[in-house]
Amino acid sequence: QSAFGNATIDVTVDENKNYSERTGVVDLSMSDKTLSLQVVQQGKYFNLPNEEPYFDSKGGTLVFTVSTNDSWNVEYENTASWLTLSAMQGKGTQDIIITAKDNPSVNDRSAVLLFNTENGCNLRIEIKQKARMLSVDSQEVLFYAKGGTSQDITITTDGAYKIDCSESWFTVQQ
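Anyway, here's the lowdown on the structure attached to this text. (Residues numbered from 1 in each chain as written. Predicted model: local features only at pLDDT ≥ 70, side-chain atom pairs only at ≥ 80, totals over all residues. Heavy atoms only, no water.)

Next up on the list: a nonpolar patch on the surface. Together, Leu-134, Val-136, Val-141, Phe-143, Ile-153, Ile-155, Tyr-161, Ile-163, Trp-169, Phe-170 and Val-172 make up a nonpolar patch on the protein surface, roughly 1,000 Å² of accessible area in all. Mapped onto the elements of the fold, Phe-143 is located in the loop between strand 12 (134-136) and strand 13 (155-157). On the accessibility criterion, Phe-143 (41% relative accessible area) is partly exposed. (Patch = residues over 30% accessible without salt bridge, like charges linked within 9 Å, V, L, I, M, F, W, Y side chains within 5 Å. Areas by Shrake-Rupley, 256 points an atom, 1.4 Å probe, with all protein chains shown as cover. Salt bridge = Lys/Arg side-chain N within 4 Å of Asp/Glu carboxyl O. Helix = DSSP H or I, 4+ residues; strand = E, 2+ residues; numbered from the N terminus. Buried < 20%, exposed > 50% of the residue type's maximum accessible area, 1.4 Å probe, protein only.)

What follows is the structure, given as structure tokens:
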């Protein structure tokens, strides 16, 4: 392409659907002098928070940011009826509200989410939820033959529990 005199030029680039930057050069030449104009185009990006979402046993909500310049969707790798997301797809950077229901179990649980972009980037994230906690500060209470009452035994929990006695010769008061 040839030109004469003062001018302006515009550089137009096609969409970069890759996740890497690309570069090119426009050379302007006159006789034995050449000036180069670098053309740089950023690639797609797709980022999720570094820390995996974590819930205590009571559940709750948290905000999770999907940071991208691409279209994306998310799917559950395994069934997780205890977990809901405010959005399952989007375009560009978006905050998702993740809600975990109460975990009444004494077992931790987790769910795996698979985030996929339109242009082939896939990220996997595990969301964990703690189990109900129940502990007692003593494993044994020892009495002399004459009977009596123990010192206070502390029970620590974040849920409801039941007290059962295995024998009729002792009782438990709360």
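On we go from here.
Residue placement: Asp-158 occurs in the segment after strand 13. Separated by 150 residues in the primary sequence, Asp-158 and Thr-8 have C-alpha atoms spaced 70 Å apart. Here Met-133 takes part through its backbone nitrogen, which lies 2.8 Å from a polar atom of the side chain of Asp-158. (Polar contact = N/O pair within 3.5 Å; in protein donor to acceptor, adjacent residues only side chain to side chain.)

On to the sheet that holds strand 6 (residues 71-76), then. Spatial strand order, 4-11-10-6-8: 5 strands in an open sheet with mixed pairing. Two strands bound the open sheet, and with one partner strand each, they are strand 4 (54-55) and strand 8 (89-91). As paired elements, strand 6 and strand 8 share 3 bridges and run antiparallel to each other. Each bridged residue has a counterpart across the sheet, and for Ser-71 the counterpart in strand 8 is Lys-91. (Pairing = 2+ DSSP bridges.)

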